[in-house]
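# An overview of the molecular structure
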Amino acid sequence: MTEPQASSKKVLLILAGVGILGALVLIGLGLVLYFTAKDSPPEVAQTTSTSTATAAPPQPTATTMAGVVIIASATPTPAAEVLPAQTAETLNRNPTATRLPTNTPSPTVAVVQRWPTVVTVDGSIELIAPPDNTQAAGGIVEFKWIWHENKGCEQPPDGYAFEIRVWRDLDYAAPMGAMDAQTQKPNITCDPASGIRSLTIGRIATVPGAEGVTSGRLRWDVALVQLSPYQPIITTQYRTFFY
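Note that the structure is predicted; figures quoted are calculated from it, not measured. (Residues numbered from 1 in each chain as written. Predicted model: local features only at pLDDT ≥ 70, side-chain atom pairs only at ≥ 80, totals over all residues. Heavy atoms only, no water.)

So, about the overall build of the chain. Within the chain, the secondary structure is distributed over two helices and 12 strands. Taken from the N to the C terminus, the helices and strands of the chain come in the order α-β-β-α-β-β-β-β-β-β-β-β-β-β. Residues counted as buried form 21% of the 243 residues belonging to the chain. Sequence separation of 24 or more characterises 64% of the internal contacts of the chain that already satisfy a separation of 6 or more. For the chain, the accessible area works out to roughly 19000 Å², and carbon and sulfur atoms hold 59% of it. (Helix = DSSP H or I, 4+ residues; strand = E, 2+ residues; numbered from the N terminus. Buried < 20%, exposed > 50% of the residue type's maximum accessible area, 1.4 Å probe, protein only. Contact = heavy atoms within 4.5 Å. Areas by Shrake-Rupley, 256 points an atom, 1.4 Å probe, with all protein chains shown as cover.)

Quick look at the structure:
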């Protein structure tokens with residue numbers, strides 16, 4: 001090879017190397033500019049106004065909870081009133097007429113004039129206690145009887161009273177009052193539920209008709225008597241007891 005040819009080839013190789021090096025420099029510069037432009041924050045355009053700038057109201061902050069974004073409202077909005085749904089049946093229903101209250105007259109209470117009950121001296125007497133042919137323990141005897149018919153616990157009328165009578169268990173002995181019928185009249189008790197009247201007499205051996213005998217057998221009954229003049233009106237079959 002001649003010397004001029006060798007020089008030309010050498011120059012071409014140098015130019016090629018310089019071109020390749022320039023290309024690499026350009027590529028590197030482009031990459032630097034690209035990444036620099038990507039990382040730089042975008043410029044925010046600022047607008048100027050000739051009037052006084054007014055600060056914008058703060059925007060509500062979004063709160064994120066488990067994938068749900070909750071935005072607080074600056075001004076609470078009242079809940080809209082929910083009206084009940086009206087169906088066609090409701091719209092077509094005629095208003096129900098309201099019945100006006102009526103003035104109820106106050107009941108009239110009839111006043112019944114009650115006159116005092118007049119107890120008649122009639123009916124019968126049933127002996128209750130003591131049972132027939134029993135012993136009077138301690139000389140104390142409680143006499144019980146009922147005044148029939150439908151007399152209840154009514155007292156005999158004025159001038160009349162019950163009298164307990166006692167006498168010896170002898171056919172010739174006569175009944176004698178074992179108590180003062182007039183003074184003992186209010187002391188006779190009566191059970192309203194059963195109508196049983198009762199009176200207790202102590203020391204039965206000392207009453208008229210026992211003749212002061214310390215022991216023996218006596219007959220007894222209860223009579224409804226007229227006080228003045230004295231007269232038995234209602235009598236009953238006698239019973240006996242001993243002491």
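There's plenty left to go through after this.
Tracing the sequence through the fold places N133 in the loop between strand 3 (124-129) and strand 4 (134-135). Taking the relative accessible area as the measure of exposure, N133 reaches 43% and is therefore partly exposed. Separated by 107 residues in sequence, N133 and T240 place their C-alpha atoms 4.9 Å apart. Discounting chain neighbours no more than four positions away, the residues touching N133 are R217, T240 and F242. At 2.3 Å, the side chain of N133 and the side chain of R217 are in polar contact. (Polar contact = N/O pair within 3.5 Å; in protein donor to acceptor, adjacent residues only side chain to side chain.)

Such a bond, covalent and formed between the sulfur atoms of two cysteines, is termed a disulfide. Summed over the entire model, instances satisfying the criterion amount to one disulfide. Through a disulfide, C153 is tied to C190; the S-S separation comes to 2.0 Å. Looking along the S-S bond of the C153-C190 disulfide, the torsion reads about -80°, which is the left-handed sense. Here C190 lies in strand 8 (residues 189-190) and C153 lies in the loop between strand 5 (141-148) and strand 6 (160-168), a separation of 37 residues in the sequence. (Disulfide = S-S within 2.5 Å.)

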